[in-house]
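Read off the chains here:
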Amino acid sequence: MPADPAAAADRTAADRTAADRTAADPAAGGRPAVGRPAFDLAALLAERGGERYELHSRHLNPQLPRMLRTIGFDKHYERAEGQYFYDAEGNEYLDMLAGFGIFALGRHHPVVRSSIQQVMDLDLPDLVRFDCSPLPGLLAERLLSYAPGLDRVFFGNSGTEAVETALKFARYATGRKRILYADHAFHGLTTGSLSVNGENGFRKGFDPLLPDTAIPLGDIGALAKELKRGDVAALIVEPIQGKGVQAPPPGWLRAAQALLHEHRALLICDEVQTGIGRTGEFFAYQHEEGVLPDLVCAAKALSGGYVPVGATLGKSWIFEKVYSSMDRVLVHSASFGSNAQAMAAGLATLEVMREEKVVENARQVGDRFRERLTALIERYELLAEVRGRGLMIGIEFGRPKSLKLRTGWTALQAARKGLFAQMVVVPLLQRHRILTQVSGDHLEVIKLIPPLIITDRDVDRFIDAFTEIMDEAHRGNGLMWDFGRTLVKQAVGNR
């Protein structure tokens, strides 16, 4: 007589429960009993969480807690949900930083969290090495559907790994060594990606780096000059630079691509921050018709905010050159690349973005956000420009016309460029509980890269806070300018 499937399932569950009870006997070397975890994370945080800044000072980067205390950012956040943080008193903070772009879906999206829990419950044989797990193939298939013309994916663990992969693949596929990059670019901080970092402050003291060359963003003549030397493997470029939220002029990316291909060089688009919906298209290069990069780097948002994942998308012929034979099957790999939890998080993230129309929200809310900010330029002489795409927005401040404001502005600039933007960022957090960032060292630019799920209500909250701070700034006195004088003293003292 055939076995009853339901009964068999019940027996399997019962057997597993019994096995768990046996394993729960610590004397037998098994797992601890349910309700008595061997490691109680909640208890550890309750006991030691208040020491967070002291622990960092003693054991990690000592300058981070020092910097946070200096500008009054040494908050104790207790939990987060979506686009909001909460402190121990239950106060709500609006996140306009998204962990530098990681949390496109906000924090703790239930669908992404469920995917991680499902992976753990499935007890998958992860990272066997000598097998082909289905999850990386499924995520690659889904990701490539958003990038017509690209054929294959390499999965690593971060944005800088995605860039390193692209640099290696470009050099091997072309047989050339030199990479071009743009002034003020940011592509990561490992040695290869640091070699194409356009900011000297990050590069200083880490030489020698790879043989790479910077060109001005948007300068087609400079690109042509370098290509004539015949040794260029690729140009790597952010479609919108994270530092300063600067974009090349319309048409430049398409013209650069044509020129590169004419010289048998490749176009690499670094979409680590701009990709996965940030700018109102899935990838930012898709705003410009006719642009199809040879390699695309993605990361950050693909993680769903849970498990680090980096992805390098590319054309088949490039991958086939790198992995040209069975002898070269492992010539480029990553220890934790394609792990099950990361792949599940990526699949869940893309599903949420499709189901909840996240890219469309980034475009529509972002357009309205920029329009409202741009309308304030006529009202405030300290506000110079608003730029960006989707929910990647730069607010730049500039020299005022009136003598009263010009005096204070000049003092700030003499001490250190970027202090006025810091004067705006600090009260946004301290008084209005809105977290933002200055867009780069020595820049008078605030960058807004919030979760892509923010609403018009969140935009209203930011605009109300921002106008209140700008009104105070234009009075030329008060707590804001007092704080500015404090920043001046600190800047001068640190020289």
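To be clear, the structure that these remarks concern was listed above.
Fair warning: this is a prediction, and the values are worked out from it, not measured in the lab. (Residues numbered from 1 in each chain as written. Predicted model: local features only at pLDDT ≥ 70, side-chain atom pairs only at ≥ 80, totals over all residues. Heavy atoms only, no water.)

Quick look at the overall build of the protein
Thinking step 1. For the protein, the helix and strand inventory stands at 19 helices and 15 strands.
Thinking step 2. Scaling as 2.2 N^0.38, a compact globule of 495 residues should have a C-alpha radius of gyration of about 23 Å, and the protein matches this with 25 Å.
Thinking step 3. Along the longest, intermediate and shortest principal axes, the C-alpha atoms of the protein span 95 × 60 × 45 Å.
Thinking step 4. When burial is assessed residue by residue, the protein has 49% of its 495 residues classed as buried.
Thinking step 5. Within the protein, contacts between residues at least 6 apart in sequence are counted, and of these 71% link residues at least 24 apart.
Thinking step 6. For the protein, the distance from the average site of its 59 positive side-chain charges to the average site of its 61 negative ones is 6 Å. (Helix = DSSP H or I, 4+ residues; strand = E, 2+ residues; numbered from the N terminus. Rg over C-alpha atoms; globule rule 2.2 N^0.38 Å. Buried < 20%, exposed > 50% of the residue type's maximum accessible area, 1.4 Å probe, protein only. Contact = heavy atoms within 4.5 Å. Lys, Arg positive; Asp, Glu negative; His and termini not counted. Charge placed at Lys NZ, Arg CZ, Asp CG, Glu CD.)

What to know about the side chain of Thr174
Thinking step 1. With respect to the element layout, Thr174 can be found in helix α8 (residues 159-174).
Thinking step 2. Among the polar contacts listed, one links the side chain of Thr174 to the backbone nitrogen of Arg176, at a separation of 3.3 Å.
Thinking step 3. Each residue touching Thr174, except ones within four places of it in the same chain, is listed here: Ala233, Arg264 and Leu266. (Polar contact = N/O pair within 3.5 Å; in protein donor to acceptor, adjacent residues only side chain to side chain.)

Regarding the side chain of Ser316
Thinking step 1. Locating Ser316 in the fold gives a position in helix α13 (residues 316-322).
Thinking step 2. What makes Ser316 buried here is its relative accessible area of 18%.
Thinking step 3. Of the polar contacts made by the side chain of Ser316, one reaches the side chain of Arg152; its length is 3.2 Å.
Thinking step 4. Leaving out residues up to four positions away in the same chain, Ser316 has contacts with Asp151 and Arg152.

What about the packing of aromatic side chains?
Thinking step 1. One pass over the structure, following the stated rule, counts 13 aromatic pairs.
Thinking step 2. Here Phe169 and Phe319 contribute two aromatic rings whose centre-to-centre distance is 5.1 Å and whose plane-to-plane angle is 85°, an arrangement assigned as edge-to-face. Taken together, the positions of Phe169 in helix α8 and Phe319 in helix α13 put the pair 150 residues apart, joining distant regions of the chain. We note that Phe169, like Phe319, is buried.
Thinking step 3. Ring geometry for Phe462 and Phe466: centres 5.8 Å apart, planes at 15°, overall stacked. Here the residue Phe462 and the residue Phe466 both occupy positions in helix α18 (residues 456-475), the gap between them amounting to four residues, near one helical turn.
Thinking step 4. Relative accessible area serves as the criterion here: at 0%, Phe462 is assigned to the buried category.
Thinking step 5. Looking at Phe466, the relative accessible area reads 0%, which means it is buried.
Thinking step 6. Three or more aromatic residues joined by ring pairs form one cluster here, namely Phe369, Phe397, Trp409, Phe420, Phe462 and Phe466.
Thinking step 7. Taking NZ or CZ as reference, Arg433 lies 5.9 Å from the ring centre of Tyr93, over its face. (Phe/Tyr/Trp six-rings, centres within 6.5 Å; stacked < 30°, edge-to-face > 60°. Lys NZ or Arg CZ within 6 Å of the ring centre and 35° of its normal.)

Quick word on the sheet that holds strand β1 (residues 77-81)
Thinking step 1. With mixed pairing, four strands are arranged side by side in an open sheet as β1-β2-β3-β13. The two strands at the open ends of the sheet, each matched to only one other strand, are β1 and β13 (434-435).
Thinking step 2. In the sheet, strand β2 (residues 84-87) pairs with strand β3 (residues 92-95) via three bridges, with the strands oriented antiparallel. Each residue of the ladder has a partner; that of Tyr86, found in β3, is Glu92.
Thinking step 3. On the sheet, α18 packs against β2, β3 and β13 and is oriented at approximately 95° with respect to β3. (Pairing = 2+ DSSP bridges. Axes fitted to C-alpha atoms, helices over the stretch in contact; angles between N-to-C directions.)

Examining the sheet that holds strand β14 (residues 437-438)
Thinking step 1. The strand order β11-β12-β15-β14 describes an open sheet built from four strands, whose pairing is antiparallel. Two strands in the sheet have a free side with no partner beyond their single neighbour: β11 (383-389) and β14.
Thinking step 2. Across the sheet, helix α15 (residues 358-374) lies against β11, β12 (392-397) and β15 (445-448), angled at about 170° from β11, the strand it touches most.

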